[in-house]
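# Structural overview
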Amino acid sequence: MPDRDWWSVLWPDPALVMRQIGVEPGMIVLDLCCGDGYFTAALAKRVAGRVFALDLDAGLIEQAKAEVAGVGATVRQWICADARDMGAVLPEPVDYVLLANTFHGVPDQASLARAVRSVTKPGGSFGLLNWHRQPREQTVVLGQPRGPKTEMRMAPDQVSTVVEPAGFRTSKIVELPPFHYGIVLEAID
Ligand SMILES: C[S@@+](CC[C@H](N)C(=O)[O-])C[C@H]1O[C@@H](n2cnc3c(N)ncnc32)[C@H](O)[C@@H]1O
């Protein structure tokens with residue numbers, strides 16, 4: 001996980017980001033690879049607790065629980081599991097899967113996209129937050145270069161190319177300055 005000091009400078013308004021990427025009240029949402037809950041808390045408020053939050057790291061889930069409680073929100077279920085097993089561990093299909101700041105490092109992205117499709121309702125959405133594909137030395141926050149290695153970063157069209165064959169259609173790309181974009185793909189039959 002990135003340190004919270006510069007992470008919160010980079011993402012001053014996670015609630016706004018949830019609106020920008022099309023998370024609507026009433027949706028059932030999966031925060032896939034939720035980490036320490038920075039976005040989980042905003043999600044949980046946005047959908048009044050209809051969130052499943054999954055991460056492999058039990059310690060980060062404990063941090064995320066505190067984060068969500070700190071904003072007075074709740075999560076329907078915390079799931080400590082491997083993302084690749086989401087189809088087996090998630091109790092119901094969801095309207096929206098959020099994957100923030102993680103896809104660039106996934107070893108088998110096509111397989112993960114298929115797993116996401118398997119838990120997403122038809123017409124539902126897969127939203128990803130990613131660092132733009134720009135040199136790491138240019139993505140400076142609080143005086144230091146931040147984020148993944150340059151060669152790991154993905155442009156939006158690269159995400160579409162790998163995710164769409166799993167049964168998605170790119171529906172929206174939003175700029176999230178200074179260094180990120182959001183890409184939303186709709187689940188098709
Ligand atoms: C860079 S952090 C992003 C956390 C959060 N989404 C955010 O943007 O603040 C990546 C997260 O992916 C989780 N992770 C890595 N491999 C995983 C796997 N195979 N299954 C589930 N979670 C995994 C890590 O534990 C970590 O919390």
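Residues numbered from 1 in each chain as written. Predicted model: local features only at pLDDT ≥ 70, side-chain atom pairs only at ≥ 80, totals over all residues. Heavy atoms only, no water.

### Quick word on the overall build of the chain
The condition that has to hold: Secondary structure is summarised from DSSP: a helix means a run of H or I of at least four residues, a strand means a run of E of at least two, and numbering begins at the N terminus for each. Radius of gyration means the value over C-alpha atoms here, while the globule rule gives 2.2 Å times the residue count to the 0.38 power. Relative accessible area decides the class of each residue, using a 1.4 Å probe on protein chains only: under 20% of the type maximum gives buried, over 50% gives exposed, and in between gives partly exposed. It only takes one pair of heavy atoms within 4.5 Å for two residues to be counted as in contact. All accessible areas in this document rest on Shrake-Rupley with a 1.4 Å probe, and a residue is counted as covered only by the protein chains that are shown. Charge assignment in this entry is limited to Lys and Arg as positive and Asp and Glu as negative, and neither His nor the chain termini are counted. A charge is said to be at NZ when it belongs to Lys, at CZ for Arg, at CG for Asp and at CD for Glu.
Assigned secondary structure in the chain consists of seven helices and nine strands. Here the C-alpha atoms of the chain give a radius of gyration of 15 Å, agreeing with the 16 Å that 2.2 N^0.38 yields for 189 residues. When burial is assessed residue by residue, the chain has 52% of its 189 residues classed as buried. Taking the intrachain contacts of the chain between residues at least 6 apart in sequence as the baseline, contacts between residues at least 24 apart amount to 68%. Of the roughly 8,400 Å² that the chain leaves accessible, carbon and sulfur atoms contribute 51%. The chain carries 18 positive and 22 negative side-chain charges, and their two centres are separated by 3 Å.

### Thoughts on the site of the ligand
As a reminder of what qualifies: When we say a residue is near a molecule or strand, we mean one of its heavy atoms is within 4 Å of it. Throughout this description, a polar contact denotes any pair of N or O atoms lying within 3.5 Å of each other; where both atoms belong to protein, one of them has to be capable of donating a hydrogen while the other can accept it, and for residues adjacent in sequence the pair is counted only when both atoms sit in side chains. Side-chain classes are defined by residue name, with Ala, Val, Leu, Ile, Met, Phe, Trp, Tyr, Cys and Pro counting as nonpolar, Asp, Glu, Lys and Arg as charged, and the others, Gly among them, as polar.
If you check the shell around the ligand, you find 17 residues, and the closest are Cys-33, Asp-55, Ala-83, Ala-100 and Asn-101. One of the side-chain nitrogen or oxygen atoms of Asp-55 is found 2.6 Å away from an oxygen atom of the ligand. Backbone polar atom of Ala-83 to a nitrogen atom of the ligand: 2.8 Å apart, as the coordinates give it. In the complex, the protein chains occlude 79% of the 600 Å² of accessible area that the ligand would expose alone. Split into classes, the residues belonging to the shell around the ligand amount to 11 nonpolar, three polar and three charged.

### A closer look at the environment of Arg-169
Tracing the sequence through the fold places Arg-169 in strand S8 (residues 168-176). Counting along the chain gives 16 residues from Arg-169 to Leu-185, while the straight-line C-alpha distance between them is 5.2 Å.

### Re the environment of Trp-11
Tracing the sequence through the fold places Trp-11 in the loop between helix H1 (4-10) and helix H2 (14-20). By relative accessible area, which is 4% here, Trp-11 ends up buried. For the pair formed by Trp-11 and Val-159, sequence separation is 148 residues and the distance between their alpha carbons is 22 Å. If we skip the residues at most four places from it in the chain, Trp-11 touches Val-17, Tyr-38, Phe-39, Asn-101, Leu-129, Leu-176 and His-180.

### So, the sheet that holds strand S2 (residues 51-55)
Formally: In this scheme, strands are said to pair when DSSP sees at least two bridges between them. For helices, the fitted axis covers only the stretch in contact; all axes are lines through C-alpha atoms, and the angles between them, taken along N-to-C directions, range from 0 to 180 degrees.
One open sheet holds the seven strands; their spatial order is S3-S2-S1-S4-S5-S9-S8, and the pairing between them is mixed. Bordering the open sheet on either side are strand S3 (77-80) and S8, each of which pairs with just one other strand. Taken pair by pair, the neighbouring strands of this sheet meet at an average axis angle of 15°, ignoring direction. For strand S4 (residues 94-100) and strand S5 (residues 120-131), the ladder comprises six bridges, and the chain directions are parallel. Residue pairing across strands places Tyr-96 opposite Ser-125, the latter belonging to S5. Across the face of the sheet, helix H4 (residues 58-70) comes into contact with S2 and S3 while running at roughly 160° to S3.

### Describing the state of the cysteines
Test applied: The criterion for a disulfide is a pair of cysteine sulfur atoms lying within 2.5 Å.
For the structure shown, the criterion picks out zero disulfides. Among the cysteines around Cys-34, which has no disulfide bond, Cys-33 carries the closest sulfur, lying 8.0 Å off. With no disulfide of its own, Cys-80 lies 9.1 Å from the sulfur of Cys-34, the closest cysteine sulfur. What makes Cys-80 partly exposed here is its relative accessible area of 48%.

### Examining the side chain of Asp-95
On the secondary structure map, Asp-95 appears in strand S4. Within polar-contact distance, the side chain of Asp-95 engages the backbone nitrogen of Ile-28 at 2.7 Å. Each residue touching Asp-95, except ones within four places of it in the same chain, is listed here: Gly-26, Met-27, Ile-28, Lys-121, Gly-124 and Ser-125.

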